[in-house]
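One letter stands for each residue in the lines below.
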Amino acid sequence: MAVYYVDFTGGADGNSGLSTGAAWKTLTNVNGTTFSPGDQILFKRGETWTGTIVATASGTINAPITYGAYGTGAKPIINGGVLLSSWSKTAGRTNVYEASVSGYNLDSVFSIDYGTVWYGTDYRWMSKVADIATVDSTARSCFYDTAADKIYVRTAGSTNPGADGVSYYIAGYDIGINLNGKSYVTVGDFTFTRMCSHAVFPMATGTPFLAGVGQIVNDCEAYGVRHNAFSMAGRIKVNRCTVHYAGGQGGAFVVADLSDYPGIGQNIRTDDVEINDCGTGATSAIWAPGVYAPKAVLMEFNPSNVKIKNFTLEGEQSFGFYDVDVSYGASDVTIDGFKINGVAVTSAVASYGTSTLSVEELRMKGRSSIAVDIYNTSNFTLKRSSVRASTYGIRFDGSYSNVNVNYNSFDSGTYNVLINSGSGSIYGYNNVFSKATTYAIAVAGTPGTVIFKNNAFLNCPSAIYLASIGGWSSDYNIGFGLTYWLLDQTLAAWQTLSMDTHSSIADPKMYDLYSGDFRLKSNSPCINAGTPVGLVEDYLGSRPGEVPDIGMYEYGGRYSVTALNTQRPTAGTRTVAGTRTAAGTRTAVS
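Fair warning: this is a prediction, and the values are worked out from it, not measured in the lab.

(A) Just the overall build of the protein chain, in detail. Looking only at helices and strands, one finds three helices and 49 strands in the protein chain. Put simply, the protein chain has 590 residues, and 57% of those count as buried. Considering only residue pairs separated by 6 or more positions, the protein chain has 59% of its internal contacts joining residues 24 or more positions apart. With the model as given, the accessible surface of the protein chain reaches about 21300 Å², and the carbon-plus-sulfur share is 48%.

(B) Here's a closer look at the nonpolar core. Core analysis: the largest hydrophobic core is formed by 96 residues, its most contacted members being Tyr67, Phe230, Phe253 and Phe396. With seven residues, the single largest contributor to this core is strand β35 (residues 386-406). If sequence neighbours within four positions are ignored, Phe396 has contacts with Ile374, Phe380, Val403, Val405, Val417, Leu418, Ile419, Asn420, Ser421 and Ile426.

(C) Up close: the packing of aromatic side chains. Scanning the model with the defined rule gives 25 aromatic pairs in all. Ring centres of Phe8 and Trp49 lie 6.3 Å apart, and the angle between their planes is 80°; this geometry places the pair in the edge-to-face category. With a gap of 41 residues between them, Phe8 in the loop between β1 (3-6) and α1 (28-32) and Trp49 in strand β3 (residues 48-50) connect regions that are remote in the sequence. In this structure Phe8 comes out as partly exposed when scored by relative accessible area, which is 33%. With 5.1 Å between their ring centres and 90° between their planes, Phe43 and Trp49 make a pair best called edge-to-face. With relative accessibility at 0%, the residue Phe43 sits in the buried group. The residue whose ring lies beneath Lys25 is Phe8, and the NZ or CZ to ring-centre distance is 4.3 Å. In this structure, Lys521 is placed above the aromatic ring of Tyr511, and the distance from its NZ or CZ to the ring centre is 6.0 Å.

(D) Here's a closer look at the sheet that holds strand β11 (residues 124-125). The four strands are arranged β7-β15-β10-β11 in an open sheet whose pairing can be described as antiparallel. Of all the strands in the sheet, the pair left with one neighbour each is β7 (81-84) and β11. As judged from the two bridges shared by strand β10 (residues 117-119) and β11, these two strands associate in the antiparallel manner. Counted as the bridge partner of Trp118 is Trp125 from β11.

(E) Representation of the sheet that holds strand β8 (residues 88-89). Spatially, β8-β9-β14-β13-β12 is the arrangement adopted by the five strands of the open sheet, whose pairing is mixed. Each having just a single partner strand, β8 and β12 (127-128) make up the two edges of the open sheet. Here five bridges tie strand β13 (residues 141-145) to strand β14 (residues 150-154), and the two strands are oriented antiparallel to one another. Within β14, the position partnered with Asp145 by the bridge is Lys150.

(F) Summary view of the state of the cysteines. One pass over the full model with this rule turns up zero disulfides. Cys220 carries a free sulfur, and the closest cysteine sulfur to it, the one in Cys241, is 4.8 Å from it. For Cys220, a relative accessible area of 0% translates into the label buried. By relative accessible area, Cys241 is classed as buried at 0%.

(G) Spotlight on the side chain of Glu360. Along the chain, the position of Glu360 falls in strand β33 (residues 355-364). Only 2.9 Å separates the side chain of Glu360 from the side chain of Arg384, close enough to count as a polar contact. Each residue touching Glu360, except ones within four places of it in the same chain, is listed here: Ile335, Asp336, Gly337, Phe338, Lys383, Arg384, Ser385 and Glu537.

(H) Examining the pairing of strand β43 (residues 462-466) more closely. Most of β43 sits out of view: five of its five residues are buried. Of the pairings in the sheet, the one linking strand β40 (residues 439-443) to β43 comprises four bridges and is parallel in character. By the bridge assignment, Tyr439 is partnered in β43 with Ser462. With two bridges joining them, β43 and strand β46 (residues 484-486) adopt parallel strand pairing.

(I) Quick peek at the environment of Lys307. Assignment of secondary structure puts Lys307 in strand β29 (residues 304-314). At 2.5 Å, the side chain of Lys307 and the side chain of Asn305 are in polar contact.

(J) Examining the pattern of salt bridges more closely. A complete count under the given rule lists 15 salt bridges for this structure. Between Glu98 and Lys150 there is a salt bridge, with the nearest N and O atoms lying 2.8 Å from each other. Of this pair, Glu98 sits in strand β9 (residues 97-100) while Lys150 sits in strand β14, placing them 52 residues apart in sequence. Among the salt bridges present, the one from Arg395 reaches Asp373, with a minimum N-O distance of 2.9 Å.

The rules behind these values
- Residues numbered from 1 in each chain as written.
- Predicted model: local features only at pLDDT ≥ 70, side-chain atom pairs only at ≥ 80, totals over all residues.
- Heavy atoms only, no water.
- Helix = DSSP H or I, 4+ residues; strand = E, 2+ residues; numbered from the N terminus.
- Buried < 20%, exposed > 50% of the residue type's maximum accessible area, 1.4 Å probe, protein only.
- Contact = heavy atoms within 4.5 Å.
- Areas by Shrake-Rupley, 256 points an atom, 1.4 Å probe, with all protein chains shown as cover.
- Core = buried A, V, L, I, M, F, W, Y, C linked by side-chain atoms within 4.5 Å.
- Phe/Tyr/Trp six-rings, centres within 6.5 Å; stacked < 30°, edge-to-face > 60°.
- Lys NZ or Arg CZ within 6 Å of the ring centre and 35° of its normal.
- Pairing = 2+ DSSP bridges.
- Disulfide = S-S within 2.5 Å.
- Polar contact = N/O pair within 3.5 Å; in protein donor to acceptor, adjacent residues only side chain to side chain.
- Salt bridge = Lys/Arg side-chain N within 4 Å of Asp/Glu carboxyl O.

Listed below in structure tokens is the structure:
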């Protein structure tokens, strides 16, 4: 079990690499040495390498091969961008400048609708356009001429890129570290910058791709990675990693099962993935020009047993679609602890064709258009979450079954819950629905088994809209600040249909209905006013009494009489309009 050292400033490739005084210099020996189980390859902190690290061998479960850092200071940087400095004015063009990129294989780099020319210090990139003429008329755009091997750009101010005080980089490398399908490899404490495709890529490319097991990535950061910053397939765990300025066709963290993908990923079964204590950076976390919409986490092509724990989104999402997109047959997905701090998005969680999805402790400060979007999904649970939306808190579409929505708060939106189609089973217990502008719950079609009990409906025109009663059932709820209970009917009129016979209209005596502090005061009529529904913990994890309270908090549980500012989101005002692109027709309640 040897330890190898790499020092770009003080090392030399002729050295043994076996001590800090005899360190290697470049990536040549790192990529050319077949390491043994238990070996460590350590890069000096504060240094930068341009290129790709390629794993050459597998470790074992008890002796992984480790790529890491040594010394003090900033994490070692693996950079994929090459500074462009020799610019000349393009003949016959008003605003276009050109530079030779001979020596770099950019054909694959420019095959997607993003040009990969970064500008400035914040890792943003220019939009790729179709020809030089379009560059001439489009600020901050670029075009790669494969025949001439030249890059053409127009800057923001139509000035010479070599004289405007802004640095411009071309993508010289696709991947920061290629785990190359090797098993039991650990990567830790790196910063990856300006990679065209991936910061970390797990598979060996070829026909088919091959993936390893026991891959672990710890404490890494990625800046300006154009495609999928952390790509996950096979069996891999990513811990305490952060992505800044990501974008492209995929997302910051992408989980894909390629076992059924023809000609590419046979034998790659992605069935054990963990993303722990990760997230996106505080400034412009996810950013992309053009038509593609990045995601913070994307799951596609049938991955299973995926666990996301304590994921945090910071900053401004300029062109985002979904924060967490669980699509294309994913199964057994758990999201436990998801904080969105002031990020404007279309959906916090979007599920399309998922089997068994659990979302717990979703905390939203800013509003999304649709906080949780559920389409053709079975065995879905949302619990102990704070949901804020400008349009829908949750939207159900297509087919669904065994849906459980328990101990959550819903703030604002046209509807807190929209059941747009389908006839599956939905159980909504111990929630607080507040400040919807039309209805707290709207059912557009004929519902299957839909039961709502122990809920509070607060400060909205009407608690419920039903196009058809169908399998609807509700009781042991409380309303306050309502104009009507159902459509234009009072609670008393609704009760004549044997619905909500134990429900009431009363001040719930909560601490602050308008700021979202829904804890119960000692004189609240919600205390011991619910009915047992089989739940074992409230919003803060307290166990309900034999007769549960109405709402999201059990009185006398884990909260004190002081304000729980750390337990609930503060008000936010950001919104982004958008529509889901998955198959199926969306029909809103009129």
